[in-house]
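These are the residues of each chain, in order.
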Protein chains: 2
Amino acid sequence: MHCMKIVTLAGGIGGARFLRGLLRAEPEAEITVIGNTGDDISLFGLRVCPDLDTVMYTLGGGINEEQGWGRAGETFTVKEELLAYGVGPSWFGLGDRDFATHIVRTQMLEAGYPLSAVTAALCDRWKPGVRLIPMTDDQVETHVVVDDPEHGRRAIHFQEWWVRTRAALPAVSIAAVGADDAKPAPGVLEAVEEADAVLFPPSNPVVSIGTILAVPGIREAVAAKTVVGVSPIIGDAPVRGMADACLTAIGVETSARAVAAHYGAGLLDGWLVDEADAAVAATGVDGIEVRSRPLLMSDPDATAAIARAALDLAGELS
Amino acid sequence: MHCMKIVTLAGGIGGARFLRGLLRAEPEAEITVIGNTGDDISLFGLRVCPDLDTVMYTLGGGINEEQGWGRAGETFTVKEELLAYGVGPSWFGLGDRDFATHIVRTQMLEAGYPLSAVTAALCDRWKPGVRLIPMTDDQVETHVVVDDPEHGRRAIHFQEWWVRTRAALPAVSIAAVGADDAKPAPGVLEAVEEADAVLFPPSNPVVSIGTILAVPGIREAVAAKTVVGVSPIIGDAPVRGMADACLTAIGVETSARAVAAHYGAGLLDGWLVDEADAAVAATGVDGIEVRSRPLLMSDPDATAAIARAALDLAGELS
């Protein structure tokens, strides 16, 4: 019997927690994670990859469990000193342990290594138990056009919108700058082609999964496989984060049904919704098999059961 | 009466401590410090300027008083994390507070600012009470040729020789790589020309003062002024550091007399030696006025008295 091959597309916290459940549900599987790099940002001359790091720290045992991102036992001496020099931004929480990751990454990138090789090198330390590949080695950055009461309509980096303004400025539009010309990182398309199933964790459908799918070639490769997604929306609200602000920006209603329809039957084969959305399962979404079950990733066992259900549905549909 | 203008050339710890005494002795003077950058090094993709920082931290109240370099209250989280990634060197002690300085510096350098502008920006925070200018904006790095028992004869960075081997590998030769093509940083020659006196603190005559003088134009400008030096050698040993290893490498005896003769009467007008070297003062050094007095910078008052004596001798000789 062959070892099951699973590909997941993943953003940050939600994706990382789902992956922890998936590893628990299917410890023998060969899991490849295609990580979102659209919210990468250069700060203080260092390249920061928040989603890749959240996956790496979470699966490698280094995550701050309470906040879901950043390192456990973190301190903020470097950031405080930078602010003493008048060097910000102050709104992005880089800790001392985290700084080391960005220093290593930046040094390798400047030496000419592609991000995929850098990520593999960092994972040599963390041993996340999955193969973590950035969606692309090219620079793709999500920018958000906002109507800023002070500065008028302008585009700001996703992180500035998300972290500094807490997505409180309504987004006029969201763009993955550079995505059109990006190529999937080495191994991405091969992993998808060889996969028995592709899973979408309850990551942000716009700025995480949507950005990964915006890299030319990835959507087509994924669409050719059995794809099961886990709804990031329960009732009319995101399980966590501010996905509603992103959905509104692209004209999609914040509901489990609307997100499934947004992905579409051409991409998605199965869709898990929460029991609160049993009505969606009852009426269905055109061409997509919808099942309802508890979706709160409240503890490792609950999360593993969600992952198990996604795999079972994929097995049924393939 | 015009405000006294003083220029000092300075290395790290000895220079910084002397400067603190000079500020105490002559608080109204306009003091320009020409800092050695020959022991600058790039580590982890960051530009580190140990001597400039030691002067800045010491005069700005941020120095670790016990060790004489690095920040007070320092922690080493970033370094430990870098080592956890397998990224060294482990022998260079960069603390978290210090890292912030190098991050700001590197970011400004990469944005195109010359080191002199970067240094001025960093000093905006520290307010050292002197004008601190790097000897040059060009890259000059001191390298040391050693006979390495493991790797044969090879050139290593000064810091590797000084910090990693504690200067235990005998130096075959010492070179300030890049000095020949370097230009004095903006303001250096002007400050020397306008100076009432140029002082050499008890810094290393080879790899600190010697390196500064190796930048074309600086030696000639300094030689035209009244120059008084403070011997870094008492008896037959350096007051601190391993200046003897450097002097041996260039064929100069480790003695107050030999160092004065090495600078030469063409450069030096006055020379302060310790009471232990009263014989040098008694017999004199050709063309140089030598005075003996206590030279141990044991506390701020003692250091201020040394600086006062150097200024008085300069006044007498000008």
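These numbers were taken from a predicted model, which means no experiment stands behind them. (Residues numbered from 1 in each chain as written. Chains lettered and ligands numbered in written order. Predicted model: local features only at pLDDT ≥ 70, side-chain atom pairs only at ≥ 80, totals over all residues. Heavy atoms only, no water.)

Enquirer: Tell me about the interface of chain B and chain A, and name the residues and values.
Expert: Interface extent is often summarised as the accessible area lost during association of the parts. At the junction of the two partners, chain B supplies 26 residues and chain A supplies 26 residues. With both sides pooled, the region where chain B packs onto chain A buries about 2,100 Å², and carbon together with sulfur makes up 65% of that total. Summed over the shared surface of chain B and chain A, the number is six salt bridges. E81 of chain A is the partner of R71 of chain B in a salt bridge, and the nearest nitrogen-oxygen pair spans 2.7 Å. Summed over the shared surface of chain B and chain A, the number is ten residue pairs in polar contact (both at pLDDT 80 or more). The leading source of residues in the side of chain B that touches chain A is helix α4 (residues 96-110) of chain B, at nine residues. In the side of chain B that touches chain A, the residues fall into 15 nonpolar, five polar and six charged. (Contact = heavy atoms within 4.5 Å. Buried area = accessible area lost by both parts, 1.4 Å probe. Salt bridge = Lys/Arg side-chain N within 4 Å of Asp/Glu carboxyl O. Polar contact = N/O pair within 3.5 Å; in protein donor to acceptor, adjacent residues only side chain to side chain. Helix = DSSP H or I, 4+ residues; strand = E, 2+ residues; numbered from the N terminus. Nonpolar A, V, L, I, M, F, W, Y, C, P; charged D, E, K, R; others polar.)

Enquirer: I'd like to hear about the domain arrangement of chain A, residue by residue, with values.
Expert: Residue and element names in this part refer to chain A. The domains assigned to chain A are domain 1 (5-136 + 181-317) and domain 2 (141-178). Just the C-alpha atoms count here: the centres of domain 1 and domain 2 sit 21 Å apart. On the side of domain 2, 17 residues touch domain 1, which itself brings 21 residues to the contact. Contact between domain 1 and domain 2 buries roughly 1,500 Å² in total, counting both sides, with carbon and sulfur atoms accounting for 69%. On the domain 1 side of the contact with domain 2, W91, M242 and A249 bury the most area, a combined 38% of that side's loss. (Domains from an automatic or database assignment.)

Enquirer: Lay out helix α1 (residues 13-25) of chain B in plain terms, naming residues and giving numbers.
Expert: Residues and elements named next belong to chain B. Between its terminal C-alpha atoms α1 stretches 18 Å, which fits the 18 Å expected from 13 residues at 1.5 Å a residue. The set of residues buried in α1 consists of I13, G14, G15, A16, F18, L19, G21, L22 and A25. Structurally, α1 contributes buried residues whose contacts are with β1 (5-10), β2 (30-35), α2 (50-60), β9 (197-200), β10 (227-230) and α13 (300-317). (Expected span 1.5 Å × (residues − 1). Buried < 20%, exposed > 50% of the residue type's maximum accessible area, 1.4 Å probe, protein only.)

Enquirer: Lay out the environment of V280 of chain A in plain terms, naming residues and giving numbers.
Expert: Residue and element names in this part refer to chain A. Among the structural elements, V280 can be located in helix α12 (residues 278-283). According to the relative accessible area criterion, V280 is buried, its value standing at 8%. For the pair V280 and R164, spaced 116 residues apart in sequence, the C-alpha separation works out to 35 Å.

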